[in-house]
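# Coordinate analysis (summary)
Each chain, letter by letter, is given below.
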Amino acid sequence: MHSTVRARTTMHLAVSNELSFRTAVDLDYDTGDPFAVRFTFHLPGDDPVTWVFARDLLAAGTRRPAGEGDVHVRPVGDGLAEVCLVLRSPGGDALLRAAAPPLLAFLARTDRLVPFGRERFTADLDRKLAAILSTAGPESAS
């Protein structure tokens, strides 16, 4: 029994210091993988591209620079108006900027579904419930 949170927002993909373009991004959260968020980028002329990373990383990056390796998130300026997301791959880096309110609203909705810090409990409960439901069946009448 998985529950999900879905949202769509727009981010700006920086092509250079002077040029960026808007791209639609689907945000997904599933209790079956309670530690992760999925960002699916709908780039013009290309197939959608999905990146999966820690929900905690996204949350931390709205308050302060966060991330190691392939994904970095940081607030832009004062007042949390924007968030910057840097994605690193062998093909190159992508710098994206998004308005902070839609990301914060998405995180708040995920927190209502699975409170931050309770992910492990939720994952264990989902596995146990799935096991119970897969073995449970109608009782046969004698």
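Placed above this text is the structure.
Report follows, based on the coordinates. As a convention, each chain's residues are numbered from 1 in the sequence order in which they are written. Owing to the predicted nature of the model, reporting of local features is limited to residues with pLDDT of at least 70; listing and counting of side-chain atom pairs is limited to 80 or more, with chain, interface and lining totals taken over all residues. To obtain the side-chain values, all non-hydrogen atoms of the structure were included, while hydrogens and water were left out.

Here is the rule: rings of Phe, Tyr and Trp (six-membered ring for Trp) pair when centre to centre is within 6.5 Å. Planes less than 30 degrees apart are stacked, more than 60 are edge-to-face, and the remainder are tilted. Under the counting rule described, the total for this entry stands at 2 aromatic pairs. With a centroid separation of 6.3 Å and an interplanar angle of 50°, the aromatic rings of Phe39 and Phe41 are classed as tilted. An angle of 50° between the planes, with centres 5.1 Å apart, marks the rings of Phe39 and Phe53 as tilted. You can see Phe39 sitting in strand E3 (residues 36–42) and its partner Phe53 sitting in strand E4 (residues 49–54), a full 14 residues away along the chain. Exposure is judged per residue with a 1.4 Å probe applied to protein chains only, and the accessible area is read against the type maximum: over 50% gives exposed, under 20% gives buried, and values in between give partly exposed. The class of Phe39 is buried, set by a relative accessible area of 1%. Through pairs of rings, three or more aromatic residues link up here, namely Phe39, Phe41 and Phe53. Charge over a ring is defined by NZ of Lys or CZ of Arg lying within 6 Å of the ring centre and within 35 degrees of the ring normal. The ring of Phe116 carries the charged tip of Arg55 above its face, separated from the ring centre by 3.9 Å. Numbering goes from the N terminus for both helices and strands, where a helix is a DSSP run of H or I of at least four residues and a strand is a run of E of at least two.

With that out of the way, let us pick up a nonpolar patch on the surface. A patch consists of residues exposed above 30% relative accessible area that lack any salt bridge, with like charges linked at up to 9 Å and nonpolar side chains (Val, Leu, Ile, Met, Phe, Trp, Tyr) linked at up to 5 Å. Under the convention used here, a 1.4 Å probe and the Shrake-Rupley method define accessible areas, while residue burial counts only the protein chains that appear. The salt bridge definition used is simple: a Lys or Arg side-chain nitrogen within 4 Å of an Asp or Glu carboxyl oxygen. The grouping of Val15, Leu19 and Phe21 at the surface amounts to a nonpolar patch, some 260 Å² of accessible area in total. By the secondary structure assignment, Val15 is in the loop between strand E1 (4–14) and strand E2 (20–30).

Here, strands pair whenever DSSP counts at least two bridges between them. One open sheet accounts for 7 strands, arranged E4-E3-E2-E1-E7-E6-E5; its pairing is antiparallel. Each having just a single partner strand, E4 and strand E5 (71–76) make up the two edges of the open sheet. Averaged over all neighbouring strand pairs, the angle between strand axes comes to 30°, with direction disregarded. Note that E1 and strand E7 (residues 92–99) share 4 bridges and pair antiparallel. Residue pairing for E7: Leu13 is matched across the bridge by Leu96. By the convention used here, residues are in contact when the closest approach between their heavy atoms is within 4.5 Å. Lines fitted to C-alpha atoms define the axes here, with helix axes fitted over just the stretch in contact, and angles between the N-to-C directions of these axes take values from 0 to 180 degrees. Lying on the sheet, helix H2 (residues 100–113) is in contact with E1, E2, E3, strand E6 (82–89) and E7; it crosses E1 at an angle near 155°.

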